[in-house]
Amino acid sequence: MRRIDIPAELQTERLILRAPTEADREAVFEIFGDPETNRHNPAGPLRDRDAAADLVWRWHIHWAQHGFGLWIVALKDAPETVVGVGGLSWRDYGGEKRLNLGYRLRPSAWGQGLATELGRYALGVARRWLGAREVHAIVRPDNLGSRRVLAKLGMQPAGELRDFPWLPASEVYRHTLEDCQAHLAEAGLVTSRGEPASQLPLRPLRAPVSRRPGLQPR
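So, here's what we can say about the structure. Here the structure is a predicted model, which means the values were calculated and not measured.

1. A closer look at the nonpolar core
Counting residues in each nonpolar core, the largest one holds 36 residues, and the members touching the most others are Ile-6, Trp-71, Leu-88, Leu-99 and Val-125. The greatest single-element share of this core, amounting to eight residues, is contributed by helix H3 (residues 114-128). Grouped together as the second largest cluster of nonpolar side chains are 13 residues, Ala-27, Ile-31, Ala-52 and Val-82 included.

2. Observations concerning helix H1 (residues 25-32)
Residues that lie three or four places apart on an α-helix share one face, since the helix turns once every 3.6 residues. Within H1 the residues assigned to the buried category are Ala-27, Val-28, Phe-29, Ile-31 and Phe-32. Along its buried surface, H1 packs onto helix H2 (49-66), strand S3 (70-75), strand S4 (78-93) and strand S5 (96-105).

3. Regarding the pairing of S5
Within a regular strand, the side chains alternate between the two sheet faces. A large share of S5 lies buried, amounting to seven of its 10 residues. Across 10 bridges, S4 lies against S5 in antiparallel orientation. Bridge pairing in S5 links Arg-91 to Arg-98. In this antiparallel pair of consecutive strands, S4 and S5, the connection spans two residues, and Gly-94 shows a positive phi of 60°.

4. What to know about H3
With 15 residues, H3 should cover 21 Å at 1.5 Å per step; its first-to-last C-alpha distance of 21 Å lies within 8% of that length. Extensive coverage of H3 is indicated by the burial of 14 of its 15 residues.

5. Points about the side chain of Thr-12
With respect to the secondary-structure elements, Thr-12 resides in the loop between strand S1 (9-11) and strand S2 (15-18). Taking the relative accessible area as the measure of exposure, Thr-12 reaches 6% and is therefore buried.

6. Topic: the packing of aromatic side chains
The final tally for this structure, using the stated rule, is three aromatic pairs. Judged by centre distance (5.5 Å) and plane angle (80°), the rings of Phe-164 and Trp-166 are edge-to-face. In this structure Trp-166 comes out as exposed when scored by relative accessible area, which is 62%.

7. A few points about the pattern of salt bridges
By the definition in use, this model includes 12 salt bridges. One salt bridge in this structure joins Arg-98 and Glu-96, with 3.3 Å as the shortest N-O distance. Two residues, Arg-140 and Asp-163, come together in a salt bridge whose shortest N-O distance is 4.0 Å. Of this pair, Arg-140 sits in the loop between strand S6 (134-139) and helix H4 (144-152) while Asp-163 is found in the loop between strand S7 (156-161) and strand S8 (170-176), placing the two residues 23 residues apart along the sequence.

8. Brief notes about the environment of Val-85
Mapping Val-85 onto the fold places it in strand S4. For Val-85 and Val-73, which are 12 residues apart along the polypeptide, the C-alpha to C-alpha distance reads 5.4 Å. Excluding residues that lie within four positions of it along the chain, Val-85 makes contacts with Val-28, Phe-32, Trp-59, Leu-70, Trp-71, Ile-72, Val-73, Tyr-103 and Arg-104.

9. Examining the pairing of S8
The buried fraction of S8 amounts to five of the seven residues, a majority that puts the element mostly inside the structure. Where S6 and S8 come together, six bridges link them in antiparallel fashion. Each residue of the ladder has a partner; that of His-136, found in S8, is Arg-174. Examined bridge by bridge, S7 and S8 share four bridges and lie antiparallel to one another. Looking at S8, one finds that Pro-157 is bridged to Tyr-173.

What counts, and where the lines are drawn
- Residue positions are counted from 1 within each chain, in the order its sequence is given.
- For a predicted model such as this one, the threshold for reporting local features is a pLDDT of at least 70, and the threshold for listing and counting side-chain atom pairs is 80 or more; totals across whole chains, interfaces and linings nevertheless cover every residue.
- Computation of side-chain values covers all heavy atoms of the structure but excludes hydrogens and water.
- Put simply, buried Ala, Val, Leu, Ile, Met, Phe, Trp, Tyr and Cys residues joined by side-chain atoms within 4.5 Å make one nonpolar core.
- We call a residue buried when its accessible area falls under 20% of the maximum for its residue type, exposed when it is over 50%, and partly exposed in between, using a 1.4 Å probe and counting protein chains only.
- Under the scheme used here, helices are H or I runs from DSSP no shorter than 4 residues and strands are E runs no shorter than 2 residues, and both carry numbers assigned from the N terminus.
- Whether two residues are in contact is decided by their heavy atoms, any of which lying within 4.5 Å being enough.
- When DSSP finds two or more bridges between two strands, those strands count as paired.
- The span expected for a helix works out to 1.5 Å for each residue beyond the first.
- In this scheme Phe, Tyr and Trp rings, the latter by its six-membered ring, pair at centre separations within 6.5 Å, and the angle between planes marks the pair as stacked below 30 degrees, edge-to-face above 60, and tilted otherwise.
- What makes a salt bridge here is a side-chain nitrogen of Lys or Arg within 4 Å of a carboxyl oxygen of Asp or Glu, nothing more.

Treat this as a map of the structure, not an account of what it does.
Here it is as structure tokens:
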């Protein structure tokens, strides 16, 4: 599979999106170890900082293998403060690798439209840089906030996934190539060097062979 590289730092109207580094481990622990951000996560908060370090390591592996992955999210007005993690990554959907959109933001960043801004931009990246025909997302049935975000992004219900067999199935949403074209202009893709993404070529994307699904970011 040919590696696809996207810029390690991108910007939206209000956000800085960049590849994770080891220096982000403490912020990742604060976000993923917070019970409030795990209200709809059956796995619960991260136990300790070692778990956060392992999570960041897995994100590094994804970037190294595929040339893209989850972003560390900061505000342009406060670039040193990490407010969340999100973006695109390969995820196992019942034995099939699919391009997945996911995010998690600090509670202080909720209610400002940042998740929608991040998601819209990620869909534009999926279309313009990755040439993806589909993007999927998984959400717990009781996570009404995330379901509203996915609806704003134009993602449509596309079945269920029993990712936690002892619980009701999670809901799967899908965004198609045609949907992505509608959002590309809205995303306003600009790199940190000011390059308009509309001048960058489309690149075909193929799902990787599933070898160790446990390494895929959730």
